[in-house]
Structures are given as structure tokens and as C-alpha cells.
Amino acid sequence: MTEAPNPAKMSQDPIAGLEGVVAATTCLSNVDGQNGVLVIRGKKIEDLAGLVPFEEAVRHLWQDLGFNSLSAIKNSFAEARQVAFGVVSLLESSPAELSIYEHMQLGLAALPLKGDLPEAIAICGALPVFLAASHRISNGLQPIAPDPSLDTATDLLRMLNGTLPGASEADALNRYLVTILDHGLNASTFTARVIGSTQADLKQAVLGAMGALSGPLHGGAPGPVLDMIDAIGRPENADDWITEALARKERLMGFGHRIYRTRDPRADVLKAGLKLIGSSNPKVQLAEEIETAALAALRRVKPHRPLDTNVEFYTAVLLDAIGIDRSLFTPLFATGRAAGWCAHVLEQQKTGKLIRPSSHYVGPKPE
Ligand code: ACO
């Protein structure tokens, strides 16, 4: 018997950008856009980032995976880095024109997932290895093998630069990776859940999510944020530069958000990290002055839309201050967010329901 169509489900009016549509039930994270609050599994982001290492935040998010201690999850991540290093030779022989991001996708596609490690750990542990190795390969340097005695953030910086980082650099990277761990049903997480809902492999869902993250309206913004800071160059240029950009209908990278109608709390968590590293980087002060000018200009030019600083603005400034090249910003975002993607896919797969919305056909009718 054919099921009677449900008129409530048959609306022909698509909701632009699915804005306001609730498409999943989750216990992983909640974004309160009116009040500027981000909760990760019952904890405010301010009570995690800067206070716990990346692995502990992942353990908190992945309660279902049953890691009962910080050392247990750290050891599993360390083992995953070593497994991933076995794939690095593939990156060395790949076409030179591939970006670091594409190298990471290539490494992930080739990553062996058979063994004792949970797939989520194997994937999330591998991404820092591919990122560091790819960066070195593209600079004509030898990839550096992981050190299983180190935590993820420290080892990532060591594999990138060839020397052990100072504690403040490692702390800043930990703070960053925790800050961006998970964030509701953003575009890449939704992509991961859609792929996961087909019961595809976790790896395929993470590869697809990486594709969604790469765009400048999502995770691709921090590189352009730094380009903007460089183009402005001096605080006294900020007003004119920003006013002209807005007059050309350009978007200011690092500002605005689909959900937040106030300040993105992650921007302040990262800004606080800058204070802690006591950076003497002249870009930091310039960035703060640009932020003030941008907020004033956005209020003037877009009075109908509350637009404030988002996570990407201080991501760019913080990562630059600890010496991370701008070509690595989006790859690093993927490295931290992969833990959130995996958690969402596993949660989605528990419901077993395929995500399959409808579209409103406006094409020609058949003769
Ligand atoms: N600069 C200038 N104007 C903006 C900006 C911005 N950064 N963001 C939004 N607006 C304006 C739009 O021009 C539009 O104005 P209009 O009503 O006069 O046409 C209005 O605000 C609404 O824009 P939408 O595109 O409908 O808003 P949406 O919620 O879809 O956009 C987005 C969110 C894509 C993040 C947007 O704010 C943007 O493009 N920001 C810049 C890129 C960026 O920083 N991305 C990182 C986001 S954080 C993350 O994904 C991790």
C-alpha cells in the first residue's frame, strides 16, 4: 500500500541554506547563537580550551568510545601517528601540484584501517602526520617520523619544524585544536553526517567533510584573514581599506556567522591565547585595530545584520604568532575538527536513518 503523502512534509518552498532547519539530534555540541555560547558535551568551550590538552577534549567528546584515561587515548593517538607514517612515502611520490590539503586527503584515502585501533583514532591520529610531512615535502625537506612519547600538538610542531616546540607554542596549538573540535551542524559536519547516513565508511565521511571545509565561507577563511591584515599593513589604513572593500560588496573574512548574532565565543578563547604567549608579533596589535575598524564599518554598512568577529579571525592571528604558515591553516582546522566529524558520523549511524531531503523542480516539463 502506498503511504499517503504528508502535506506538512510536501512544502515546495526550499529554505535557503537550510537556515533554521533542525536536521539532527545530538548530544555532542550546541551553538547558542543569540547568547554566544558554545557547549561541548555539557561543558562551555571556555572551560575546555586552554585548560585541557587536545586528547583530553577528544576523550570528553568521544565518551562512547570508552577511553578511560588521558594516557590511554594519548597512547592510541601516538600509535595512529606511527601507522600513518607508513603511508608518507606515497605523498613523496605524488604529483607536485597537489596542495597540502589534497596530500592529506590522499594519505587518508591510502590509510590502512585494519587492526586494533578504532577507526576514529586511526583517522584523527593520521592527519597531523600527513599535514607535517606534506608541508616538509613541498619545501624540499625530508618528512620527520612521529615520536610516540609526545602529545599530538607537541609532536605535530616537531614533525613540522624539526625541533621540539616551546611549551607556550604547544599550549597555543592545543588551545586552538580544542577550540575548533566541534561546532553543531556546520557545513562540513552536516556533510559528514549525510555521508555517514548512507552507512559509508568513516574515512569516506571525513574525506567528504574535508571537501566541505575547504571553501572560504567555512574553513578556508583564516588564510585570507592574514592576507587582509597584510594588505592593510598599518592601523591608519584600516578604515579606508575596509570601507572600500565593503563598497565593492566584498565580505570581510573572519566576520559574520550563520548562527552567531553576537560574538563567536571561540574568537575570545583564541584571543586570550595570544595574551598568554606574550607574542611580540607586530601583527597582533595591528589585527586588534583592524578588528575594531571592521566591526565599526560593518555596523555602519550592514545595520540590518549583526555581524561580529568569528573564530577564523583570531585563528589566523594565533597560528601566525606561533610560526605556522598560512598554507597550513585550513589543514590544521581539518586536523582538529576531524574528531568532531567522527563523533557525529558515529552518532548519525546509530539512528540508521538515511538523510535524503527533497528538491523543488523548476525545470521544463516533458512534452
Ligand atoms: N562581510 C561583509 N558582509 C557580510 C559578511 C562579511 N564577513 N558576512 C555576512 N555579510 C552580509 C551579507 O553581505 C548580507 O548582506 P545583505 O543582507 O546586505 O545582502 C548579510 O550579511 C547576510 O549574509 P548571508 O550570506 O545571508 O549570511 P550567512 O549567515 O549565510 O553567512 C558567512 C555566514 C558565510 C560565514 C558570512 O558571514 C561570510 O561570508 N563571512 C566571511 C567568511 C568567513 O569569515 N567565514 C568563516 C565562517 S566561521 C566557520 O565556518 C568556521
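What you see is a predicted model; the values in this text were computed from it and never measured.

Rules of the game
- Every chain's residues receive numbers from 1 upward, in the order its sequence appears when written.
- Two thresholds apply to this predicted model, a pLDDT of at least 70 for residue-level local features and 80 or more for giving and counting side-chain atom pairs, whereas whole-chain, interface and lining totals are computed over all residues.
- Computation of side-chain values covers all heavy atoms of the structure but excludes hydrogens and water.
- Where helices and strands are cited, they refer to DSSP runs of H or I of at least four residues and of E of at least two residues respectively, numbered from the N terminus.
- Three labels apply to residues, based on accessible area from a 1.4 Å probe with only protein chains included: buried if under 20% of the type maximum, exposed if over 50%, partly exposed otherwise in between.
- By definition, residues are in contact when any of their heavy atoms lie within 4.5 Å.
- When the centres of two rings from Phe, Tyr and Trp lie within 6.5 Å, Trp using its six-membered ring, the rings pair. Their planes under 30 degrees apart give stacked, over 60 give edge-to-face, and anything left gives tilted.
- At least two bridges found by DSSP between two strands is the condition for calling them paired.

The next point concerns the environment of V317. Topologically, V317 is positioned in helix α14 (residues 311–321). Exposure remark for V317: the relative accessible area of 3% places this residue in the buried category. Between the C-alpha atoms of V317 and G223, which are 94 residues apart in sequence, the distance is 9.8 Å. The residues touching V317, leaving out its near neighbours within four places in the chain, are I229, L274, V284 and A287.

Counted by the stated rule, this structure contains 4 aromatic pairs. An angle of 50 degrees between the planes, with centres 5.1 Å apart, marks the rings of F255 and F313 as tilted. Of this pair, F255 sits in the loop between α11 (238–247) and α12 (265–277) while F313 sits in helix α14, placing them 58 residues apart in sequence. F313 shares its class with F255; the two are buried. Ring geometry for F313 and Y314: centres 5.0 Å apart, planes at 85 degrees, overall edge-to-face. Given the relative accessible area of 0%, F313 is considered buried.

Overall, antiparallel pairing links the 3 strands, which are arranged β1-β2-β3 in an open sheet. The open sheet is flanked by β1 (29–32) and β3 (43–44), the only strands paired with a single partner.

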